[in-house]
Amino acid sequence: MTKVTMDKIVNLCKTRGLIYPGSEIYGGFANTWDFGPVGVELKNNVKRAWWKRFVQEDPNTYGVDASILMNPKTWEASGHVASFGDPKMDCKKCKQRFRADTLIENHSKGKVSAEAMTNEELTAYINENHISCPHCGGFDWTPIRKFNPMFTTSRGTLEEGADVVYLRPETCQGEYVNFLNVQRTARAKVPFAIAQIGKSFRNEITPGNFLFRTIEFEQMELQMFCKADSSMNIYDDYKSRALQFVKDVGLQADHLRFHDHDKLAHYAKAACDIQYLFPIGWQELNGIHHRGDWDLSRHGEFSGKSMLYLDPYTNEKYIPNVIEYSIGADRLTLALLCEAYDEETLENGETRVVMHFNPAIAPYKVAILPLQKNLSDKAKEVFALLSKEFMCDYDEAGSIGKRYRRQDEIGTPFCVTIDFDTLEDDTVTIRDRDSMKQERIKIANLVSYVEKKVKFN
Ligand code: ATP
């Protein structure tokens, strides 16, 4: 079996136009990545599949696209401003930064809960137990400082005294502040969900591991508003729907597992992650959280607007509970890249790298390859036909073998070859990425042939 390493994935992504280091010509910018021509298609397909499954096919879910910059009071209500910071300390030797409470919890293998410790207690514990730097092994810590994970910017001119505003660290607040708007305008009845795909920003200090942890990333998430007595069933339902989705999009069942949280936020009733077996080990892929009525209650309190829902059937008034389901588009894209990567030894002894993406999320669906350059007019006709329906690549440079390999490496499920027979009988050869088998079909049948195989269901 192919051993997948993060280095192999990063390298393939860079050389094949999927993902480049951010601001590379300036030496890069830590934990930022730019999606190239192939990568942007892959991530868009991941987002489309999620939206189709959770918004388009669900009559009780409504999509929004809320502003990244929100009234700063939002972040007071959410608790992000008050809990401005986790206790962080730097290793003076290797300059890595760590959360003091996490250091203690990891050192004690989860036996000690450091969440409620004061800075003095954290420092005393670290010194008494001689907890050294997990990165370099040194024991030379700076004092603990509070660290704000939110990026700030400002609004207004400096002369006016600019106001601080925050780049949202999570998209869900855009749904909470629009709960009343959506409920009224969509005439939505509880239980209903509001969904969104959008950018979030976090001043992450732990090493990134490629797309796994970046300072700017996209979240695909929904907030389901429901009545307390049905909320646990809805929570369980989202756990299975979330798992089914990641399997359907291409992750193998034995690379996935649930991880229920033992320690919950004070308002939460249940929380669970789905973890994926990344090359760096089992790590969180998405979260499903039962948040009680905390979010709407807080926004009611801070905005002065009533968040009470009047049940049209029972005439009861209550603040709905929230079930949150949130998955990173970039983190899922990374999981799909790791899952798809394969190095195969062919019958002639050569190896090929092939990305076995689910055809529905593959960046390009079809590559159109004229066998020789003087067939390019006919090949461009075929490209014009297919590109109306699917994202296609066109390549006429180099040997056909090399062109197939290039398409295998970006996971294109079908290669269509135009040869001299095509000019005679309007047929082409279509090659399957995984089996490498070829068949001859009529140009007129190409669209329906591909369509069936690249649909996300
Ligand atoms: P983690 O424990 O990995 O920091 P989290 O519990 O803070 O994640 P949530 O706030 O629940 O994550 O965000 C939901 C999802 O958003 C995560 O499951 C993950 O897929 C994605 N995500 C969160 N932070 C990042 C990040 N810095 N870079 C990329 N994706 C992220």
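Along each chain, residues carry numbers from 1 onward, in the same order as the chain's sequence is written. The predicted origin of the model limits local features to residues at a pLDDT of at least 70 and limits the giving and counting of side-chain atom pairs to 80 or more, whereas totals for whole chains, interfaces and linings rest on all residues. Each side-chain value is worked out from all heavy atoms of the structure, with water and hydrogens disregarded.

(A) Layout of the sheet that holds strand S13 (residues 281–290). A pair of strands is treated as paired once DSSP finds two or more bridges between them. Helix and strand definitions here come from DSSP, where helices need a minimum of 4 consecutive H or I residues and strands a minimum of 2 consecutive E residues; each element is numbered from the N-terminal end. The strand order S3-S9-S10-S16-S13-S12-S11 describes an open sheet built from 7 strands, whose pairing is mixed. Every other strand in the sheet has two partners, leaving strand S3 (61–63) and strand S11 (256–260) as the edge strands with one partner each. The sheet shows a mean angle of 25° between the axes of neighbouring strands, direction not considered. Bridge count for strand S10 (residues 216–226) against strand S16 (residues 321–328) is 8 bridges, and the pairing is antiparallel. Directly across from phenylalanine 225, in S16, lies its bridge partner valine 322. What counts as an axis is a line fitted to C-alpha atoms, over the stretch in contact for a helix, and the angles between N-to-C directions run from 0 to 180 degrees.

(B) Region of interest: the site of the ligand. Neighbouring residues are identified by heavy atoms, a residue being near a molecule or strand if any of them is within 4 Å of it. Around the ligand there are 16 residues in total, and Arg202, Glu204, Arg213, Glu284 and Leu285 lie nearest to it. Any pair of nitrogen or oxygen atoms within 3.5 Å is treated as a polar contact; in protein, a donor-acceptor pairing is required on top of that, and neighbouring residues in sequence qualify only through side-chain atoms on both sides. A distance of 3.2 Å separates an oxygen atom of the ligand from a polar atom in the side chain of glutamine 219. Between an oxygen atom of the ligand and a main-chain N or O atom of leucine 285, the distance comes to 2.8 Å. Note on areas: Shrake-Rupley with a 1.4 Å probe; residue coverage comes only from the protein chains shown. Against a free-state accessible area of 590 Å², the protein chains account for coverage of 81% of the ligand. By residue number, the principal contributor to the shell around the ligand is S13, which donates 5 residues.

(C) A look at the packing of helix H2 (residues 37–56) against helix H10 (residues 329–340). For the pair H2 and H10, the least separation of the axes is 10 Å and the interaxial angle reads 110°. It follows that H2 is roughly perpendicular to H10 by the angle criterion. Along this stretch, H2 crosses H10, giving a crossing that reads as right-handed. Residues Leu42, Lys43, Val46 and Lys47 of H2 lie in contact with H10, whose contacting residues are Ala329, Asp330, Leu332, Thr333, Leu336 and Leu337. In this classification, the charged set is Asp, Glu, Lys and Arg, the nonpolar set is Ala, Val, Leu, Ile, Met, Phe, Trp, Tyr, Cys and Pro, and all remaining amino acids, among them Gly, are polar. Split by residue class, the contact of H2 with H10 holds 6 nonpolar, 1 polar and 3 charged. What sets the label is the angle itself: under 35 degrees gives roughly parallel, over 145 gives roughly antiparallel, 65 to 115 gives roughly perpendicular, and the rest give oblique. Left-handed describes a crossing whose near helix is turned anticlockwise from the far helix through less than a right angle; right-handed describes the clockwise counterpart. Throughout, a residue-residue contact means that at least one pair of heavy atoms, one from each residue, lies within 4.5 Å.

(D) View of the environment of histidine 255. Following the sequence through the fold, histidine 255 ends up in the loop between helix H8 (228–249) and S11. Overall, the relative accessible area of 19% leaves histidine 255 in the buried class. Separated by 16 residues in sequence, histidine 255 and lysine 239 place their C-alpha atoms 16 Å apart. When neighbours within four sequence positions are excluded, histidine 255 is seen to be in contact with Gln275, Tyr276, Leu277, Trp282 and Glu339. Burial classification: accessible surface area is computed with a 1.4 Å probe over protein chains only, and a residue below 20% of its type maximum counts as buried, one above 50% as exposed, and the rest as partly exposed.

(E) Structural context of the domain arrangement of the protein. According to the domain assignment, the protein consists of domain 1 (6–68 + 171–337) and domain 2 (364–454). Domain ranges listed in this record stem from an automatic or a database domain assignment. Between the C-alpha centres of domain 1 and domain 2 the distance comes to 36 Å. Facing the 7 residues of domain 1 at the interface are 6 residues of domain 2. For any pair of parts, buried area is found by adding up, for both, the accessible area (1.4 Å probe) each one loses once the two are put together. Roughly 620 Å² of surface becomes buried between domain 1 and domain 2 when both sides are summed, with 56% attributable to carbon and sulfur atoms. Of all residues in domain 1, Arg16, Val38 and Glu41 bury the most surface against domain 2, accounting for 70% of the area lost on that side. One salt bridge connects glutamate 409 with arginine 16, and the closest N-O pair in it is separated by 2.6 Å. Remark: the boundary between domain 1 and domain 2 carries 1 residue pair in polar contact (both at pLDDT 80 or more). In terms of residue count, H2 provides more of the side of domain 1 that touches domain 2 than any other element does, 4 residues in total. We count a salt bridge whenever a side-chain nitrogen from Lys or Arg sits within 4 Å of a carboxyl oxygen from Asp or Glu.

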